[in-house]
Amino acid sequence: MTATILIILGCLVALVVVGGLGTLLFIRKVEPGFIGVRVGFLGYVISDTWIVGIPLLTTYKKMDISVKKLEIERKGQDGLICQDNIRADIAVAFYIKVNFPKVDYGNIDPASAEGQAMHDAAMKNKDRFDDVRKVAQTVGCDRASDVEKLRELFEAKFSEALKTAGKLMEFQNLYTDRIRFREEIKTVIGHDLNGYALEDVAIDYLEQTPIETLDKDNVLDAEGIKKITDITSDHQEATNARKQDR
């Protein structure tokens, strides 16, 4: 009987201790597509599995690490100026995410077998959360993947990359060799995105800017208009010549 009482008392004490610890700690499971960030006591503690926190001393935040789409358009008199000074109306989608795990793919496609191997190796490194911490400290967890915040951070940089890459190719080459143009954009942007990673670039729309929207008083547009006029005139003459031959 005495032994039974001692066992019951021991169980009650254990329940009290566990209950007391439960009031001091909270445990959060990190959902897929997010990173858990504990801020406060001991600074930033980051995990992709579980987070243990202390109420009043720490706060728990979630950071969305899924890929987001940032669209940038340049049309009309703001159209992209090509190497031959012909303007192009263009809409480009940039796919960007917080760089977790921290890995620099260089020119390797993240979706390739080699890219997947780099990803798996990075997941084992102790510095895999470095870029998450950087974004948490500079941007904040709540707005890390907000599209409008991404636009504020990267629109100027990406627009400048479009201008630079577009000026490397003539319009006809730009139109027919979109893969090269896309790679030129990625090369100009580079890999230093302050904790973010550019996953991919897609050209959603690309056409010659209508000639009637160009500014004839703009030197570059004037050159482009002359180029377009010469090309269309040559094509018309060739068409007329074939008709006469027939």
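Cut-offs and rules
Residues numbered from 1 in each chain as written. Predicted model: local features only at pLDDT ≥ 70, side-chain atom pairs only at ≥ 80, totals over all residues. Heavy atoms only, no water. Helix = DSSP H or I, 4+ residues; strand = E, 2+ residues; numbered from the N terminus. Buried < 20%, exposed > 50% of the residue type's maximum accessible area, 1.4 Å probe, protein only. Contact = heavy atoms within 4.5 Å. Areas by Shrake-Rupley, 256 points an atom, 1.4 Å probe, with all protein chains shown as cover. Phe/Tyr/Trp six-rings, centres within 6.5 Å; stacked < 30°, edge-to-face > 60°. Lys NZ or Arg CZ within 6 Å of the ring centre and 35° of its normal. pLDDT = per-residue confidence, 0-100. Pairing = 2+ DSSP bridges. Axes fitted to C-alpha atoms, helices over the stretch in contact; angles between N-to-C directions. Salt bridge = Lys/Arg side-chain N within 4 Å of Asp/Glu carboxyl O.

### Some details on the overall build of the protein
What the protein contains, in helices and strands, is seven helices and nine strands. Out of the 246 residues belonging to the protein, those deemed buried represent 34%. Here the contacts in the protein between residues at least 6 apart in sequence split such that 66% fall between residues at least 24 apart. Of the roughly 14700 Å² of accessible surface on the protein, 55% is carried by carbon and sulfur atoms.

### A few points about the packing of aromatic side chains
Taken as a whole, this structure holds five aromatic pairs when the rule is applied. Look at Phe 171 and Tyr 175: their rings are 6.0 Å apart centre to centre, the planes differ by 40°, and that puts the pair in the tilted class. Of this pair, Phe 171 and Tyr 175 are both found in helix H5 (residues 171-176), four residues apart, which corresponds to roughly one turn of the helix. Within the aromatic cluster, the residues linked to one another by ring pairs are Phe 94, Phe 154, Phe 158 and Tyr 196. Seen from the ring of Trp 50, Lys 29 lies directly overhead, with NZ or CZ sitting 6.0 Å from the centre. Across the ring face of Tyr 175, the terminal group of Arg 178 is positioned such that the distance to the ring centre comes to 5.0 Å.

### Description of the confidence of the model for the protein
Residues of the protein with pLDDT of at least 70 account for 83%, and the chain-wide mean is 83. Segment residues 5-23 is flagged for pLDDT under 50; beyond a separation of four residues in sequence, or across chains, it makes one contact in the model.

### Considerations on the pairing of strand E2 (residues 34-40)
Bridge count between E2 and strand E5 (residues 58-64): seven bridges; the pairing is antiparallel. Considered in E5, the bridge of Gly 40 is made with Thr 58. Note that E2 and strand E3 (residues 43-47) share five bridges and pair antiparallel. When the sheet's bridge partners are listed, Gly 40 is paired in E3 with Gly 43. If you look at the hairpin formed by E2 and E3, you'll find two residues sitting between the two strands, and Leu 42 has a positive phi there, around 70°.

### Re the sheet that holds E2
Spatially, E3-E2-E5 is the arrangement adopted by the three strands of the open sheet, whose pairing is antiparallel. Whereas interior strands pair on both sides, the edge strands pair on one side only; in this sheet they are E3 and E5. Within this sheet the neighbouring strands show an average axis-to-axis angle of 25°, counted without direction. Along the sheet face, helix H3 (residues 130-138) touches E2, E3 and E5 and points at about 130° away from the line of E3.

### With respect to the pattern of salt bridges
Applying the stated criterion across every chain yields a total of 12 salt bridges. Across the pair Lys 68 and Asp 64 runs a salt bridge whose closest N-O atoms are separated by 2.9 Å. Taking relative accessible area as the criterion, Asp 64 reaches 18% and is therefore assigned buried. Note that Lys 149 and Glu 152 form a salt bridge whose closest N and O atoms lie 3.1 Å from each other. A residue pair is termed a helical-turn pair when its members lie 3 or 4 positions apart in one helix, as Lys 149 and Glu 152 do in helix H4 (residues 147-166) at three residues. Under the relative-accessibility criterion, Glu 152 is labelled exposed at 55%. Sharing partners across several salt bridges, the network here consists of Lys 69, Glu 71 and Asp 204.

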